[in-house]
Amino acid sequence: MSSTRVAVIGAAGRMGGAVCGAVEAADGLELVGRFDAGDDLGDLGGADVVVEFSVPDASPGNVAHCVERGVHVVVGTTGWDEARLADLRDRLAGHPEVGVLVAPNFAVGAVLMMELARRAAPFFESAEVVELHHPDKVDAPSGTAARTADLVGAARAEAGCDPVPDATTHDPEGARGAVVHGIPVHSVRLRGLVAHQEVLLGNPGETLTIRHDSLDRASFMTGVVGAVRRVADHPGLTVGLEHYLGLGDA
Ligand SMILES: NC(=O)c1ccc[n+]([C@@H]2O[C@H](COP(=O)([O-])OP(=O)(O)OC[C@H]3O[C@@H](n4cnc5c(N)ncnc54)[C@H](O)[C@@H]3O)[C@@H](O)[C@H]2O)c1
Ligand SMILES: O=C(O)C1=N[C@H](C(=O)O)CCC1
């Protein structure tokens, strides 16, 4: 059987570099292109699948370039809000054979953390998300935290839960953090960290904390390589690796 040709966009970055190594080490995958800022993407090195880990403002244009050329894309870059996803869905309608996976986190433990939080949140009065990352990260809150808050907020709304209780009336410094889908989200940036998150759930007399730690970028590689192998079998847009793992809603 012939190998799958893979190109990486953002190849000079922390994730892109790790992905290039993982692709080179994987059976049945061949690394045919490394692209970074300022490069002409051209024919993408003849790739069947592109892995895209760049920056939020560049990612939609890079993905559009791939889709227009009929190339499947595995996207790890953050910043894919509803408006950007809607534009991508429209673009894919003209290329129904192309598969694109947009996943805020490729670590299996993080995927399970989000799924467990989604299921648990309607059983608790309070829910908050704390994400902790290395200080070279440019976006806040993290894509994982935003997605977690979205999933938790939607599950609570569907179950008819009240808003999370919060008596704060005076917060001149914004200490209560961002609010995503009704869920407070707090971002820590600390030298020494990689990528970590806690989902805090509370009821009278009890709390439940669901925590995930990526201690090394190796944690993302099994998910990325698995997605490269599967993306052609999932035409259209898929948001979240859980859908490739048999978890989550359709
Ligand atoms: N989904 C996941 O599992 C996961 C895991 C880690 C990081 N991320 C996300 O991946 C992205 C990259 O993270 P990182 O730590 O590798 O960042 P990084 O800054 O190390 O790498 C980003 C790379 O993108 C390049 N770049 C900038 N503009 C570009 C353009 N127009 N076209 C092509 N490349 C361009 C930069 O030069 C750089 O080499 C971030 O959005 C981050 O949040 C996602
Ligand atoms: O290191 C990063 O940057 C990460 N970004 C993703 C996010 O924003 O959720 C995934 C975790 C690591």
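Predicted model only: the values in this text are computed from it and were never measured.

**Quick word on the site of ligand 1**
The environment of ligand 1 is made up of 26 residues, and the closest members are Gly-10, Gly-13, Met-15, Ala-58 and Gly-76. Element by element, the count of residues in the shell around ligand 1 is highest for helix H1 (residues 14-25), at 3 residues. Looking at the shell around ligand 1 residue by residue, the classes come out as 13 nonpolar, 10 polar and 3 charged.

**Thoughts on the environment of Ser-54**
Along the polypeptide, Ser-54 turns up in the loop between strand S3 (49-52) and helix H2 (59-68). Between the C-alpha atom of Ser-54 and that of Glu-128, which follows or precedes it by 74 residues, the distance is 28 Å. With near-sequence residues (within four places) excluded, Ser-54 lies in contact with Ile-9, Gly-10, Ser-59, Asn-62 and Thr-77.

**Focus: the UniProt feature "domain: Dihydrodipicolinate reductase C-terminal" (unreviewed entry) in the protein**
UniProt annotation of "domain: Dihydrodipicolinate reductase C-terminal" (unreviewed entry) refers to residues 109-245 when read in the numbering used here. As annotated, residues 109-245 has a helix share of 30% and a strand share of 29%, and its two end C-alpha atoms lie 12 Å apart.

**Notes on unusual backbone geometry**
Here the residue pair Ala-140 and Pro-141 is connected by a cis peptide bond, since its omega of -5 degrees sits within 30 degrees of zero. The phi torsion at His-181 lies on the positive side, around 50 degrees, for a residue other than glycine. Secondary-structure assignment places His-181 in the loop between strand S7 (178-180) and strand S8 (183-189). On the neighbour-count criterion, His-181 (17 C-beta atoms within 10 Å) is partly exposed.

Calculation criteria
- Residues numbered from 1 in each chain as written.
- Chains lettered and ligands numbered in written order.
- Predicted model: local features only at pLDDT ≥ 70, side-chain atom pairs only at ≥ 80, totals over all residues.
- Near = placed C-beta within 6 Å.
- Helix = DSSP H or I, 4+ residues; strand = E, 2+ residues; numbered from the N terminus.
- Nonpolar A, V, L, I, M, F, W, Y, C, P; charged D, E, K, R; others polar.
- Contact = placed C-beta atoms within 7 Å.
- UniProt positions renumbered as here; feature names shortened; annotations may be inferred.
- Buried ≥ 20, exposed ≤ 12 C-beta atoms within 10 Å, placed from the backbone.

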